Amino acid sequence: MSTRLYVIPASHPSIAAQLMLEHKGIDYKRTDLMPVVSKVVLRAVGFPGITVPALKIEGDKVQGSRPIARELDRLRPEPPLLPTDPTQRAAVEEAERFGDEELQHPIRQLLWWAIKRNREPLAGYSEGAKLGVPIGLAVKTGAPLVALSARFNEASDENARKALERLPALLDRVDAWIEDGTLGGQQLNVADFQIAPSIGLAMTLDDLRPMIENRPAGALARRVVPRYPGRMPPVLPAEWLRS
Ligand SMILES: N[C@@H](CCC(=O)N[C@@H](CS)C(=O)NCC(=O)O)C(=O)O
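So, here's what we can say about the structure. (Residues numbered from 1 in each chain as written. Predicted model: local features only at pLDDT ≥ 70, side-chain atom pairs only at ≥ 80, totals over all residues. Heavy atoms only, no water.)

### Digging into the site of the ligand
In the vicinity of the ligand lie 17 residues, with V36, K39, V52, S65 and D100 positioned nearest. Compared with its free state, where it exposes 520 Å², the ligand has 89% of that area covered by protein. According to the grid-proximity analysis, the pocket containing the ligand is the largest pocket. Elements with a contribution of two residues or more to the shell around the ligand: α1 (12-24), α2 (37-44) and α4 (86-117). At three residues, the largest contribution of residues to the shell around the ligand is made by α4. Residue composition of the shell around the ligand, grouped by class: seven nonpolar, seven polar and three charged. (Near = heavy atom within 4 Å. Areas by Shrake-Rupley, 256 points an atom, 1.4 Å probe, with all protein chains shown as cover. 1 Å grid on protein atoms, 1.4 Å probe; cavity = no way out; pocket = protein on both sides within 12 Å on 5 of 7 lines; lining within 4 Å. Sits in = over half its atoms within 2 Å of the grid points. Helix = DSSP H or I, 4+ residues; strand = E, 2+ residues; numbered from the N terminus. Nonpolar A, V, L, I, M, F, W, Y, C, P; charged D, E, K, R; others polar.)

### Focus on the sheet that holds strand β3 (residues 54-57)
With mixed pairing, four strands are arranged side by side in an open sheet as β2-β1-β3-β4. On the outer flanks of this sheet lie β2 (29-32) and β4 (60-63), each paired with one strand and no other. Averaged over all adjacent pairs, the angle separating strand axes in this sheet is 20°, with direction ignored. Of the pairings in the sheet, the one linking β3 to β4 comprises four bridges and is antiparallel in character. Within the sheet, the bridge partner assigned to L55 lies in β4 and is V62. (Pairing = 2+ DSSP bridges. Axes fitted to C-alpha atoms, helices over the stretch in contact; angles between N-to-C directions.)

### Topic: the nonpolar core
In terms of nonpolar packing, the biggest core is built from 66 residues, with L72, I199 and L208 touching the most fellow members. The greatest single-element share of this core, amounting to 11 residues, is contributed by α4. Ignoring sequence-local partners within four residues, the contact set of I199 consists of L103, L171, V174, I212, A217, G218 and A221. L33, L42, V52 and A54 belong to the second largest nonpolar core, which has seven residues in total. (Core = buried A, V, L, I, M, F, W, Y, C linked by side-chain atoms within 4.5 Å. Buried < 20%, exposed > 50% of the residue type's maximum accessible area, 1.4 Å probe, protein only. Contact = heavy atoms within 4.5 Å.)

### Section: the layout of surface pockets
For the largest pocket, the calculated volume is near 690 Å³. As for the largest pocket, its lining consists of 39 residues, of which I8, S11, P35, V52 and W112 are closest to the centre. Of all the secondary structure elements, the ones that give two or more residues to the lining of the largest pocket are α1, α2, α3 (65-75), α4, α5 (122-125), α6 (135-140) and α7 (143-152). Element by element, the count of residues in the lining of the largest pocket is highest for α4, at six residues. A breakdown of the residues in the lining of the largest pocket according to their chemical character gives 24 nonpolar, 11 polar and four charged. Roughly 320 Å³ of internal volume is contained in the second largest pocket. Of all the elements in the fold, those that place two or more residues in the lining of the second largest pocket are α1 and β2. Broken down by element, the lining of the second largest pocket gets its largest block of residues, five residues, from α1. The class makeup of the residues in the lining of the second largest pocket is 11 nonpolar, four polar and five charged. (Points joined across faces, edges and corners; volume = space filled by probe spheres on them.)

### Some remarks on unusual backbone geometry
Following V52, the chain continues to P53 via a peptide bond in cis, the omega torsion being 5°. Structurally, P53 can be placed in the loop between α2 and β3. Omega for the bond connecting E78 with P79 falls within 30 degrees of zero, at -15°, which places this linkage in the cis form. Among the secondary structure elements, P79 is positioned in the loop between α3 and α4. Located in the positive-phi region is A10, a residue other than glycine, with phi close to 70°. The topology assignment puts A10 in the loop between β1 (3-7) and α1. Even without being glycine, E154 reaches a positive phi, approximately 50°. Inspection of the secondary structure assignment puts E154 in the loop between α7 and α8 (157-179).

### A few points about the environment of A17
Relative to the elements of secondary structure, A17 occurs in helix α1. Residue class for A17 comes out buried when judged on its relative accessible area of 0%. Residues within four places of A17 in sequence aside, it is in contact with L5, P53 and I68.

Set out below in structure tokens:
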């Protein structure tokens, strides 16, 4: 299968798509893109939308972690990403929807808020990526891209603080799905691949790791994404973390 995946390094839905391709045993080439530049490149290569992950497979273009999952199950049904039993499938699809629509974004906002204050860790988040420019240079000159990304993701103080406040409740839902077997079963499913990278990304922030690592959600992330790239030293205001 001729397959190319467009990603932003350390982007959690991009890692979800990579894990799903690996689960299916599909060989693929990866194009690493810098944020913001990614939007222009994706349009230039013919995708209708402006976000990663974006997949070219067998001449088709599929964008977004959930459509990519379905396309992979269609093209290569085994091993499945979605359970066949209708009740289990509905539970997994609800967890997957939550991962995409409710969990991804607050974690993205917290990360961009942090990067706005400290760009140095960008080198770690880009580990192993081929961005077309030396990573040190990209970090040194990256302030405008970071500012645009933070704005694009609405990573204001107010929104970052709200995202932090919401995190415990979001983690409770993930823990509950692990407890009832929707997530973290013997066979990983599409919701595991959707949710674990978001948790893994959150755990790269030194400020957030302590509230996650000893939960079932933390164990799931370590199992599914054992080495998430990047590490953000403490940067969140102490008073936000206390409340
Ligand atoms: N919910 C979408 C999210 C896609 C998304 O927002 N991707 C981000 C990276 S995590 C992106 O492409 N942002 C563009 C940019 O930062 O310039 C999915 O799961 O595919």
